[in-house]
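# Structure at a glance
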Amino acid sequence: MSERAFIPVRIAVLTVSDSRGLADDKSGQTLVDRLTEAGHELAARAIVTDDIPAIQAQLTQWIDDPAVDVVISTGGTGVTGRDVTPEAFEGLYEKPIPGFGEVFRMLSFQKIGTSTIQSRATAGVCRGTYLFALPGSPGACRDGWDMILKDQLDYRFKPCNFVELLPRLREHERRKPS
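Computed from a predicted structure; not experimentally measured. (Residues numbered from 1 in each chain as written. Predicted model: local features only at pLDDT ≥ 70, side-chain atom pairs only at ≥ 80, totals over all residues. Heavy atoms only, no water.)

### With respect to the side chain of aspartate 83
In this fold, aspartate 83 is placed in the loop between strand 3 (70-74) and helix 3 (85-90). This buried residue, aspartate 83, is left without a salt bridge; arginine 120 holds the nearest opposite charge, at 5.9 Å. A distance of 3.5 Å separates the side chain of aspartate 83 from the backbone nitrogen of glycine 78, its partner in a polar contact. In this structure the side chain of aspartate 83 is engaged in a polar contact, spanning 3.2 Å, whose partner is the backbone nitrogen of valine 79. (Helix = DSSP H or I, 4+ residues; strand = E, 2+ residues; numbered from the N terminus. Buried < 20%, exposed > 50% of the residue type's maximum accessible area, 1.4 Å probe, protein only. Lys, Arg positive; Asp, Glu negative; His and termini not counted. Salt bridge = Lys/Arg side-chain N within 4 Å of Asp/Glu carboxyl O. Polar contact = N/O pair within 3.5 Å; in protein donor to acceptor, adjacent residues only side chain to side chain.)

What follows is the structure, given as structure tokens:
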């Protein structure tokens, strides 16, 4: 860490599930607890079904909301027929962040071995909003937050972090055609 001041980020938490409600959404609550304990603001929280249009509708609502900087989802990243979160997210990306899924699986391998290959954790940027999709278990949410997002969403983290790039994520929209 450095002498930089902490900058709270406004984070929305999305749970993708056909069977969970707020009362039993342990993974979503894990993310809420961790991000608020770190000093960030919970901008919104929702649960949607494993359905590409439903996921994309919620993501688009938050992407269009200037009070949301980051969306972190949990659930729907596996390989079964109902797991469509990566497809929903990737359909909206302007820029994917492939390293997120790669690092998540590398770190997860240390805990669950080769079972990590079943995770299709993904991340990208859409219209100035970071989108992160984590698997639907509290352990995966703890690992994703504690080992990746906690640092990358902390402006004080060096040598670089996602927060310092927030003001520049939409600079391509301001370019004049040559």
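### Concerning the packing of helix 1 (residues 26-37) against helix 5 (residues 138-152)
Close contact between helix 1 and helix 5 brings their axes to 8 Å; oriented N to C, the two are set at 25 degrees. In terms of orientation, helix 1 and helix 5 fall into the roughly parallel class. The interaxial crossing formed by helix 1 with helix 5 has right-handed handedness. Between helix 1 and helix 5, the contacting residues are Lys26, Ser27, Thr30, Leu31, Arg34 and Leu35 on the first element and Pro138, Cys141, Arg142, Trp145 and Asp146 on the second. Per-class residue counts for the contact of helix 1 with helix 5 are 5 nonpolar, 2 polar and 4 charged. (Axes fitted to C-alpha atoms, helices over the stretch in contact; angles between N-to-C directions. Parallel < 35°, antiparallel > 145°, perpendicular 65-115°, else oblique. Left-handed = near helix turned anticlockwise from the far one by under 90°. Contact = heavy atoms within 4.5 Å. Nonpolar A, V, L, I, M, F, W, Y, C, P; charged D, E, K, R; others polar.)

### Concerning the pattern of salt bridges
This structure, assessed with the given rule, holds 13 salt bridges. The closest approach of N and O atoms between arginine 45 and aspartate 25, which form a salt bridge, is 2.9 Å. Highlighted residues: arginine 45 in strand 2 (residues 41-48) and aspartate 25 in the loop between strand 1 (10-16) and helix 1, separated in sequence by 20 residues. Ionic pairing is found between aspartate 154 and arginine 156, a salt bridge with its closest N-O pair at 2.8 Å. By relative accessible area, which is 5% here, aspartate 154 ends up buried. Under the relative-accessibility criterion, arginine 156 is labelled partly exposed at 26%.

### Structural notes on the sheet that holds strand 6 (residues 129-134)
As summarised here, the arrangement of the 6 strands in space is 2-1-3-6-5-4, forming an open sheet in which the pairing is mixed. The sheet is open, and its two edges are formed by strand 2 and strand 4 (95-96), each paired on a single side. Bridge count for strand 4 against strand 5 (residues 122-126) is 2 bridges, and the pairing is antiparallel. Looking at strand 5, one finds that proline 96 is bridged to glycine 124. (Pairing = 2+ DSSP bridges.)

### Observations regarding the pairing of strand 6
Burial within strand 6 is extensive, with 6 of its 6 residues counted as buried. Burial of the side chains of strand 6 extends over both faces: Thr129, Leu131 and Ala133 are buried on one face and Tyr130, Phe132 and Leu134 on the other. Pairing between strand 3 and strand 6: 5 bridges, direction parallel. Bridge pairing links serine 73 to alanine 133 in strand 6. Sheet topology places strand 5 next to strand 6; 5 bridges connect them, and they run antiparallel. Residue pairing across strands places cysteine 126 opposite threonine 129, the latter belonging to strand 6. Hairpin geometry of strand 5 and strand 6 is characterised by an intervening segment of 2 residues between the two adjacent antiparallel strands and by a positive phi of about 45 degrees at arginine 127.

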